[in-house]
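# Notes for the structure review
What follows is the residue order along each chain.
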Amino acid sequence: MNRIRITQLDGKLPNLALMRLSNYHKAMGDDVYWERTSRLHHDEPRYNKVYASSIFKFTEERIDRMRQFFPDAIIGGTGTDSPTTIEELIGDWVGLDYSPYPGFTSSIGFTQRGCRLSCSFCVVPKKEGKPVRSQSINQIWRGQGFPKHIHLLDNDFFSIKDWWQERIEEIRHGAFKICFSQGINIRVITDEVAAALATIEYRDDAFQKRRLYTAWDNIGEERSFFRGVDRLERNGVPPKHLMAYMLVGFDPNETWEAVHHRFEMMVARGIQPYPMVFDCRATDPKRYRALKQFQRWVVTGLYRAVPFSEYDSSRKTTKPRRLMIGHNGGPQFNKKELA
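Right, let's walk through the structure included here.

Conventions we followed
Residues numbered from 1 in each chain as written. Predicted model: local features only at pLDDT ≥ 70, side-chain atom pairs only at ≥ 80, totals over all residues. Heavy atoms only, no water. Helix = DSSP H or I, 4+ residues; strand = E, 2+ residues; numbered from the N terminus. Buried < 20%, exposed > 50% of the residue type's maximum accessible area, 1.4 Å probe, protein only. Axes fitted to C-alpha atoms, helices over the stretch in contact; angles between N-to-C directions. Parallel < 35°, antiparallel > 145°, perpendicular 65-115°, else oblique. Left-handed = near helix turned anticlockwise from the far one by under 90°. Contact = heavy atoms within 4.5 Å. Nonpolar A, V, L, I, M, F, W, Y, C, P; charged D, E, K, R; others polar. Expected span 1.5 Å × (residues − 1). Arc of directions from axis to C-beta. Pairing = 2+ DSSP bridges. Right-handed = clockwise from strand over helix to strand, strands pointing away. Phe/Tyr/Trp six-rings, centres within 6.5 Å; stacked < 30°, edge-to-face > 60°. Salt bridge = Lys/Arg side-chain N within 4 Å of Asp/Glu carboxyl O. 1 Å grid on protein atoms, 1.4 Å probe; cavity = no way out; pocket = protein on both sides within 12 Å on 5 of 7 lines; lining within 4 Å. Points joined across faces, edges and corners; volume = space filled by probe spheres on them.

## Some details on the environment of D92
In this fold, D92 is placed in the loop between α3 (86-90) and β5 (107-109). Residue classification places D92 among the exposed positions, given a relative accessible area of 68%. For the pair D92 and R20, spaced 72 residues apart in sequence, the C-alpha separation works out to 9.7 Å.

What follows is the structure, given as structure tokens:
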């Protein structure tokens, strides 16, 4: 019998790869120990194998610390440069161990892997390649006794037409509630896709609000982004149901004017923006700090009351005041310089 340590270094959702590893080793008769810390406790046993997963780049320090305590650890995930995949370790084993997440009652998985596109900032094409079929909704669902709440991790759900059509019908027929947690690609959405989305119970990651996640990553995609918004609205999905992740800081020549333009355009349509700050600390730490301020200003909702030029994230309270309304119907702001 082997002792196995499994460490989830980041991420708020259950880690699918680690759940597969845990299920596999338990099926082999091994003892599996789950941890959230990269440190070695003084009373921990000696392990035969140590695994860890990192999704985000900001956990680099945890990875370094993990290697200090566990030099032979196998560390994978999109937050690392490791080419190791879960399939290389356990093959096509699909069983999942939900026991490390007792408060998580939903089900989680992929109906397809990969993506049609090749965005320069995205690791999915490199890690997963072009779209391939994975599991049905009923295969992902944990079964009777669990709510019909499905966290889909698909990066391109609508990439394989006959497959996604079957999955939409499965969702409708089974009365499932679906969280497209990785988002839908609004740039290539069709009226057929928009109409299909309007017929299902899409939800946020808490399965409480009507929510579709999407992204507007650069200002050059404005036309295709709002073409998708219009198609959704025309088919019964209102803009207020959209949360759009907006990548900021990836383009070193990006200006505050461009950042605020995207933000204001979305606010004007009733879309909820969520800035995602590209990690540019190594090349421009001042710019990175300013963008993180902008992110906090948006996600806290203070943009509704305080101009960004007056926002100070270090203060516990900021005196709100009425905002002017811009020409497009959104709030008007004083612009800071990025440099």
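Now, onward.
## A look at the packing of helix α8 (residues 222-234) against helix α9 (residues 256-268)
Look at α8 against α9: their axes get within 12 Å of each other, and the N-to-C directions meet at 15°. Classified by the angle their axes make, α8 and α9 are roughly parallel. Read as a crossing pair, α8 and α9 show a hand that is right-handed. Two secondary-structure elements touch here, α8 through E222, F225 and F226 and α9 through H261, M265 and M266. Considering only residue class, the contact of α8 with α9 consists of four nonpolar, one polar and one charged.

## With respect to helix α6 (residues 161-174)
Because an α-helix packs 3.6 residues into every turn, residues spaced three or four apart end up facing the same way. With 14 residues, α6 should cover 20 Å at 1.5 Å per step; its first-to-last C-alpha distance of 20 Å lies within 8% of that length. Of all the positions in α6, only W163, W164, R167, I168, E170, I171 and G174 are classed as buried. For α6, the buried positions fall inside an angular range of 160° around the axis, keeping them on one side.

## A short note on the packing of α9 against helix α10 (residues 285-299)
Two elements in contact, α9 and α10, have axes separated by 13 Å at closest approach and are oriented at 15°. When the axis of α9 is compared with that of α10, the two are roughly parallel. For the pair α9 and α10, the crossing hand works out as right-handed. The segment α9 lies against α10, with W256, V259, H260 and F263 engaging A290, L291, F294, W297 and V298.

## A closer look at the environment of W163
Inspection of the secondary structure assignment puts W163 in helix α6. Under the relative-accessibility criterion, W163 is labelled buried at 14%. Sequence separation between W163 and S136 is 27 residues; the distance between their C-alpha atoms is 9.0 Å. Other than its neighbours up to four places away in sequence, W163 contacts T111, Q112, R133, S134, Q135 and S136.

## A few points about the pairing of strand β8 (residues 149-152)
Side chains on a regular strand alternate between the two faces of the sheet. As paired elements, β5 and β8 share three bridges and run parallel to each other. Looking at β8, one finds that I108 is bridged to H151. As defined by bridge partners, β8 adjoins strand β9 (residues 177-180) across four bridges and the pair is classed as parallel. In the sheet register, H149 faces β9, and the bridge partner there is K177. Viewed along the sheet, the connection from β8 through α6 into β9 turns out right-handed.

## Quick look at the packing of aromatic side chains
Applying the stated criterion to the full structure yields 26 aromatic pairs. Between Y98 and F104, the ring centres sit 6.3 Å apart and the planes meet at 10°, which makes this aromatic pair stacked. The class for Y98 is buried, based on a relative accessible area of 11%. Given the relative accessible area of 15%, F104 is considered buried. Ring-pair connections join several aromatic residues into one group, and the members of that group are W256, F263, F294, W297, Y303 and F308.

## Digging into the pattern of salt bridges
Tallying each qualifying case throughout the model produces 18 salt bridges. The salt bridge partner of E192 is K161, with a shortest N-O separation of 3.3 Å. Remark: K161 occurs in helix α6 and E192 occurs in helix α7 (residues 191-197); sequence separation between them is 31 residues. In this structure, the salt-bridge partner of E201 is R203, at a minimum N-O distance of 2.6 Å. Three or more residues joined by partner-sharing salt bridges are found here, namely E166, R167 and E170.

## Quick notes on the layout of surface pockets
Of the voids in this model, the second largest pocket is the one considered here, and its volume is about 250 Å³. Grouping the amino acids of the lining of the second largest pocket by side-chain chemistry returns nine nonpolar, one polar and four charged.

## Comments concerning α9
Between its first and last C-alpha atoms α9 spans 18 Å; for 13 residues at 1.5 Å apiece the expected length is 18 Å, and the two agree. Buried within α9 we find W256, A258, V259, H260, R262, F263, E264, M266 and V267. Positive phi appears at G270, one or two residues downstream of α9, with a value of about 85°.

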